[in-house]
Amino acid sequence: MSAAETSSEYVWIPTPEFIAGTRETAFLRYLGLDSFEELEALGKRDAPAFWDAVLRFTDLRFYRPYHTVMDDSAGIEWTRWCLGGTTNLVLNCFDRHRGTPIHDKEYLVWVGEDGAVRRFTYRGFDEEMS
């Protein structure tokens, strides 16, 4: 094991400005919480409320909304998610961006085995899938 692997010192400590701009900080504000510890406590205290907030904050879209975010009555390892709801990846990765500025942003850089490179915007990749 190297010295870096056994050291307890941090290599990088984010600045307050960096922390203020993170999705975690935005999620804390969305929930009206002040710390990661409060967020963790919410997850432990009320997992369904926590996961419902995650889905709403991330704007995961559904064709039909779920009526129950999670059901772990058969055991945590058999949790069922978003009962009653229907969604899919196309809705959340592509359809939601049509007609927005994101539709023309870069989505994917493909590099072939021969070294060829193709770049796709959301719009371009959407057209390739059609």
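I will try to describe carefully the structure that is included in this document. In this convention, every chain numbers its residues from 1, walking through the sequence in written order. Local features in this predicted model are restricted to residues whose pLDDT is 70 or higher, and side-chain atom pairs enter the listing and the counts only when it is 80 or higher, whereas totals over whole chains, interfaces and linings include all residues. Remark: hydrogens and water are excluded; side-chain values derive from all non-hydrogen atoms of the structure.

## Considerations on the overall build of the protein chain
Working step 1: Scanning the protein chain for helices and strands turns up seven helices and four strands.
Working step 2: A run of H or I in DSSP counts as a helix once it spans at least four residues, and a run of E counts as a strand once it spans at least two, with each numbered from the N terminus. Overall, the protein chain shows an N-to-C arrangement of helices and strands of α-α-α-α-α-β-β-α-β-β-α.
Working step 3: The globule rule is 2.2 Å times the number of residues to the power 0.38, and the radius of gyration it is compared with is taken over C-alpha atoms. A compact globule built from 130 residues should have a C-alpha radius of gyration of about 14 Å, whereas the protein chain, at 20 Å, is more than 25% larger.
Working step 4: Across its three principal axes, the protein chain shows a C-alpha extent of roughly 50 × 45 × 30 Å.

## Quick notes on the side chain of Thr79
Working step 1: Relative to the helices and strands, Thr79 resides in the loop between β1 (68–71) and β2 (80–83).
Working step 2: Residue Thr79 is classed as buried on the basis of its relative accessible area of 16%.
Working step 3: Contact between two residues is taken to exist if any of their heavy atoms lie within 4.5 Å; hydrogens are not considered. In this structure, Thr79 is in contact with Met70, Asp71 and Asp72, ignoring residues within four places of it in sequence. Burial classification: accessible surface area is computed with a 1.4 Å probe over protein chains only, and a residue below 20% of its type maximum counts as buried, one above 50% as exposed, and the rest as partly exposed.

## Let's talk about the nonpolar core
The nonpolar side chains of soluble globular proteins are, as a tendency, buried together.
Working step 1: Core analysis: the biggest nonpolar cluster contains nine residues, these being Phe27, Leu28, Leu33, Leu39, Leu42, Phe50, Ala53, Val54 and Phe57.
Working step 2: Elements supplying a minimum of two residues to this core: α3 (23–31), α4 (36–45) and α5 (47–57).
Working step 3: Here this core takes four residues from α5, the largest share from any one element.
Working step 4: Discounting chain neighbours no more than four positions away, the residues touching Phe27 are Leu39, Phe50, Ala53, Val54 and Phe57.
Working step 5: As used here, the term nonpolar core means buried Ala, Val, Leu, Ile, Met, Phe, Trp, Tyr and Cys residues forming a set that is joined through side-chain atoms within 4.5 Å. By size, the runner-up hydrophobic cluster in this structure holds six residues, among which are Phe62, Tyr66, Val69 and Met70.

## A closer look at the environment of His103
Working step 1: Positionally, His103 belongs in the loop between α6 (89–93) and β3 (106–111).
Working step 2: For the pair His103 and Gly124, spaced 21 residues apart in sequence, the C-alpha separation works out to 8.7 Å.
Working step 3: Leave out the neighbours within four places in its chain, and His103 touches His97, Arg98, Thr121, Tyr122, Arg123 and Asp126.

## Observations concerning the packing of α3 against α5
Working step 1: Every angle, taken between N-to-C directions, lies between 0 and 180 degrees, and every axis is a line fitted to C-alpha atoms, over only the stretch in contact when it is a helix. Where α3 contacts α5, the axes come no closer than 11 Å and their chain directions differ by 115°. For the pair α3 and α5, the crossing hand works out as right-handed. Listed contacts from α5 to Arg23, Ala26, Phe27, Tyr30 and Leu31 of α3 are Phe50, Ala53, Val54, Arg56 and Phe57. Should the near helix be turned counterclockwise from the far one by less than a right angle, the crossing is left-handed, whereas a clockwise turn marks it as right-handed.

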